[in-house]
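A structural walkthrough
The chain contents come next:
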Amino acid sequence: MFVAAKLEGAVRQVIHPILLCGGSGTRLWPLSRKSYPKQFAPLVGDITLFQSSAQRLAGEGFASPMVVTNSDFRFIVTQQMAEVGIDPGAILIEPEGRNTAPAVLAAALFLQKHDPDGLMLVAPSDHVVPDSEAFRAAIAAAEPAAQAGQLVTFGIKPDRPETGYGYLELASKPEDFEPKVIGLKRFVEKPDLDTAKDMLRSGNFLWNAGIFLFSVESIIQAFKAHCPHMLVSVQTALDLGEHDLGFLRLDPDAWSGAEDISIDYAVMERAENLAVVPYAGGWTDLGGWDAVWREGVPDQDGVVIHGRASAIDCTDSLLRSEDERLEVVGIGLKNIITVAMPDAVLVADVSRAQDVKKAVETLKAKSVRQAEAFPKDHRPWGWFESLIVGERFQVKRIHVNPGAALSLQSHHHRSEHWIVVEGTARVTVDDTVSLVTENQSIYVPLGAVHRMENPGKVPMVLIEVQTGSYLGEDDIIRYEDVYARA
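The rules behind each value
- Residues numbered from 1 in each chain as written.
- Predicted model: local features only at pLDDT ≥ 70, side-chain atom pairs only at ≥ 80, totals over all residues.
- Heavy atoms only, no water.
- Helix = DSSP H or I, 4+ residues; strand = E, 2+ residues; numbered from the N terminus.
- Rg over C-alpha atoms; globule rule 2.2 N^0.38 Å.
- Buried < 20%, exposed > 50% of the residue type's maximum accessible area, 1.4 Å probe, protein only.
- Contact = heavy atoms within 4.5 Å.
- Areas by Shrake-Rupley, 256 points an atom, 1.4 Å probe, with all protein chains shown as cover.
- Lys, Arg positive; Asp, Glu negative; His and termini not counted.
- Charge placed at Lys NZ, Arg CZ, Asp CG, Glu CD.
- 1 Å grid on protein atoms, 1.4 Å probe; cavity = no way out; pocket = protein on both sides within 12 Å on 5 of 7 lines; lining within 4 Å.
- Points joined across faces, edges and corners; volume = space filled by probe spheres on them.
- Nonpolar A, V, L, I, M, F, W, Y, C, P; charged D, E, K, R; others polar.
- Pairing = 2+ DSSP bridges.
- Axes fitted to C-alpha atoms, helices over the stretch in contact; angles between N-to-C directions.
- Salt bridge = Lys/Arg side-chain N within 4 Å of Asp/Glu carboxyl O.

**A word on the overall build of the protein chain**
Across its full length, the protein chain carries eleven helices and 30 strands. By the compact-globule yardstick of 23 Å for 486 residues, the protein chain fits well, its C-alpha radius of gyration being 25 Å. Taken along its principal axes, the extent of the C-alpha atoms in the protein chain is 70 × 60 × 45 Å. Evaluated residue by residue, the protein chain yields a buried proportion of 51% over its 486 residues. Considering only intrachain contacts with a sequence separation of at least 6, the fraction spanning at least 24 residues in the protein chain is 68%. Carbon together with sulfur atoms contributes 50% to the accessible area of the protein chain, which is approximately 21600 Å² in total. In the protein chain, which carries 45 positive and 66 negative side-chain charges, the distance between the mean positions of the two groups comes to 2 Å.

This is the structure in structure tokens:
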């Protein structure tokens, strides 16, 4: 199957964007956590990093984006794409994270059946690229080389001796940084500061963005040459995968046999048919709160404010409140990061931004819930958050999207009292179905089979009061579920 589109009088192949959407983003804790990582948060601007990535790779010349993610994020992915008006292509569900090499190979083998002559653009979903048009121009410059069988990566013009990124050594200097293909000499690991300064002065090194363009055939051949043992595991995971509500769940047993390794180590550092397109249009992977601070709009004292925050006599600092109920006030701060969530607060020196992941490791060792769990628990029907938790009671705010429905379920250990505060709920309790509107409530006895639905066209919000001997989320017996959850 050959897919092509007209562009400025020439025939070109449609590019299949492959958005890699895993990872936990621990260096951006407490906003980014394992249950809701940074790509789904509006860190810069009004939309999320994932939504920005999807928009950047949409439109003429691009197929619907394919997403490789995990089961916990599958409904977040579809909802966030719908919010920006983008229909997804295939969504592959990884049973477990195995790094980028198996994910890229799975996408390539999937496309081999649907567009074997196609091009695929592999991109993380958590990068900031302010100038989308300039980035598309770089992609267009890379296409002929990719069509000719080269594995093309994109190198970012460095503006500082960064030690948190890998580098690309070029065969020749990029000079004017116009979008064009240059030979790639080698990949360079994250350097120490002195080495980074030397590379910056040489002008012959670019940051490795981890973005690649190549043909389906070329990358499969590269795996056959440099990482052949992975082919069997990933192909079997695809062949035995199960279709589930528009998602393709890769087989867990076969997938577990794939090596946990990055595409750089598995293929790119061993291949000879490599090329790079320099890019100077602005880029960051937001690898820490210091990067968020640099991407912000500072005042005359270098202070970046987000949300309900105030700075008094502060310099070169980031003050960020992620809850409208929390007012963050900084006095006399210098080079300080402050991020406040409803359940956790981070205060750190800007120079220690990369060490935030150590805080997550410390909290995990102490079995602190905030290490990985987000205060809002996102579900396919919406989200909920706990407002008050006692020994035998819990109060939640539950937000149900228009047209969405929770599963038909019951509980062994708790009863529930629901008060609708916005919208209208259709409530089933055993054999009784009723409509509950604003300021009305309904009681769900322990053991009753029940369900709530939002039949309206606006969000429905209710307050749930749980009472009982055990209030955990695993005390659910599901009888029916439109989202096919176990």
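Anyway, onward from the coordinates.
**Describing empty space enclosed by the protein**
Scanning all chains against the criterion turns up two cavities of 30 Å³ or more. Approximately 190 Å³ is the volume attributed to the largest cavity. As for the largest cavity, its lining consists of 20 residues, of which Trp-381, Leu-406, Gln-409, Glu-473 and Ile-476 are closest to the centre. Of all the elements in the fold, those that place two or more residues in the lining of the largest cavity are strand 22 (393–400), strand 24 (414–422), strand 28 (450–453) and strand 29 (460–468). A class-by-class count of the residues in the lining of the largest cavity yields seven nonpolar, four polar and nine charged. Within this model, the second largest cavity holds a volume of roughly 50 Å³. Every residue along the wall of the second largest cavity is listed here: Ser-53, Arg-56, Leu-57, Ala-123, Pro-124, His-127, Val-129, Phe-135 and Ile-211. Counting only elements with at least two residues in the lining of the second largest cavity, the list comes to helix 1 (49–56) and strand 6 (119–124). Each residue belonging to the lining of the second largest cavity can be placed in one class, and the counts come to six nonpolar, two polar and one charged.

**Looking at the sheet that holds strand 29**
The sheet built from six strands is open, its strands ordered 20-21-22-29-24-27 with antiparallel pairing. At either margin of the open sheet sits one strand with a lone partner, and together these are strand 20 (376–379) and strand 27 (441–444). Neighbour-to-neighbour, the strand axes of the sheet open up by a mean angle of 20°, direction not taken into account.

**Digging into the layout of surface pockets**
Taken as a whole, the second largest pocket holds about 880 Å³ of empty space. Those elements giving two or more residues to the lining of the second largest pocket turn out to be helix 2 (74–83), strand 16 (318–321), strand 20, strand 21 (382–389) and strand 22. Taken together, the residues of the lining of the second largest pocket break down into twelve nonpolar, eleven polar and twelve charged.

**What about the pattern of salt bridges?**
Under the criterion given, the structure shown has 27 salt bridges. Notably, a salt bridge pairs Arg-249 with Asp-244, separated by 2.7 Å at the nearest N-O pair. The partly exposed category is assigned to Arg-249, whose relative accessible area is 25%. Overlapping salt bridges, with partners in common, bring together Asp-323, Arg-325, Glu-385 and Arg-397 in one network.

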